[in-house]
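Chain by chain, the residues:
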Amino acid sequence: MKRFPIVCAALGFTLCAANVDEFKRDCDAFKKAPGLNTFKSCLADLFTLQPIHPIVRTVVPGSGYGAGLNYTLDSPKGEWHRVFTVDGAATIRGFWLAETKFSLTHPKFGDWNTARDAFATHFYLRAMDLPKMPFYGVGPNTSRSSLVDFAQRDVRIGADVINPIASWVGIGGTFEAIFPDVSTISDPKVRSIQTVFDETTAPGLLKQPTFVHSEFFVNLHHADPVELSYRVGYNFYHDTSTGHYSFRRFRADLRHNIYPERSNAQPHRDSVLSLRALFSVSDTSASNAVPFYLMETLGGSDINGDAGLRGFQDYRFRGPDLMLFQAQYERRLWK
């Protein structure tokens, strides 16, 4: 996160926050002289209009696209930068998301600090309704013939913080309450999860207690000649009911960007080789189990939209542990 972030997005071109006067000016220009450039400017202003503008997005991979609204109140004061946002969207497949977030950023603390990034903290309340999620079973040897669906509602309230302590390292943490709700699907056209799986093969199917989740993490990063970003964290998920679903998780996500093409010692960022190693392992007491809806997934993208094993369906493999090695090369071919 940069020291003073601004709202930006991408619709095939760069968008930055627009005010009402800019929106009127650019859309009037389109009315007077219709064309691709004036249309793009008007559309860019519409989707970045402050404080409220429409949004087009997915909720989770597989949810389909939907529409909603975003309200952003940007309030810098002194060295503190405050941003309050409210998001809401519903997709064509009946998925929906609602989120409220309050963010605070501040330049690095202390003259001794060599960090270039800012201190940042976020307070959030997020709710998602996912009426049809795929489940193939647990483990690497599941079959596509076992595919079933379940409904999931996920509500989270919490806060996170990251404090850069040097130009190459930052430390942070997360503390949140999770209110999961997993249910079967009554539609006779849908193969619901309870027809194939039970509490033994899908832990957490019968009961979904409230969880208290805490994480401590370290972020390591370096810019040149190889751009790297490491996040290593240790998580505690505490079942506040019986304790049966309490577990711990170590997670290390190591990403590298290599730029093979350069001019005047500067990398061409539209030509990049990306390497990633992801390792996650969960640990439970002898009688405990990791709920299937909190397990890691591989295939397509995970519930956060992070791509892994693109050749498989979203959420194709699910389990308490995973190890992934990934490489991809991207290069711009035109403009």
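Draft legend 1. How the structure looks around helix H2 (residues 36–48). Taking 1.5 Å per residue as the helical rise, H2 with its 13 residues ought to reach 18 Å, and the 18 Å between its terminal C-alpha atoms agrees with that figure. Taken residue by residue, H2 has Cys42, Ala44, Asp45 and Thr48 as its buried positions. End-on view of H2: buried residues confined to an arc of 160°, all on one side of the axis.

Draft legend 2. Quick look at the pairing of strand S8 (residues 148–166). In terms of strand pairing, strand S7 (residues 119–135) meets S8 through 14 bridges, oriented antiparallel. Bridge assignment links Arg126 to a residue of S8, and that residue is Arg156.

Draft legend 3. Molecular detail of the sheet that holds strand S11 (residues 227–239). One open sheet accounts for 12 strands, arranged S3-S4-S5-S6-S7-S8-S9-S10-S11-S12-S15-S18; its pairing is antiparallel. Of all the strands in the sheet, just strand S3 (52–58) and strand S18 (322–331) have a single pairing partner and so form its edges. If you compare each strand with its neighbour and ignore which way they point, the axes differ by 20° on average. The sheet contact formed by S11 and strand S12 (residues 247–258) spans 11 bridges and is antiparallel. Note that in S12 the partner of Leu228 across the bridge is His256.

Draft legend 4. The arrangement of the confidence of the model for the chain in detail. On average, residues of the chain score 90 in pLDDT, and 94% of them are at 70 or above. Note on residues 1–15: pLDDT under 50 across the span, and 29 contacts to partners over four residues away in sequence or across chains.

Rules used throughout
Residues numbered from 1 in each chain as written. Predicted model: local features only at pLDDT ≥ 70, side-chain atom pairs only at ≥ 80, totals over all residues. Heavy atoms only, no water. Helix = DSSP H or I, 4+ residues; strand = E, 2+ residues; numbered from the N terminus. Expected span 1.5 Å × (residues − 1). Buried < 20%, exposed > 50% of the residue type's maximum accessible area, 1.4 Å probe, protein only. Arc of directions from axis to C-beta. Pairing = 2+ DSSP bridges. Axes fitted to C-alpha atoms, helices over the stretch in contact; angles between N-to-C directions. pLDDT = per-residue confidence, 0-100. Contact = heavy atoms within 4.5 Å.

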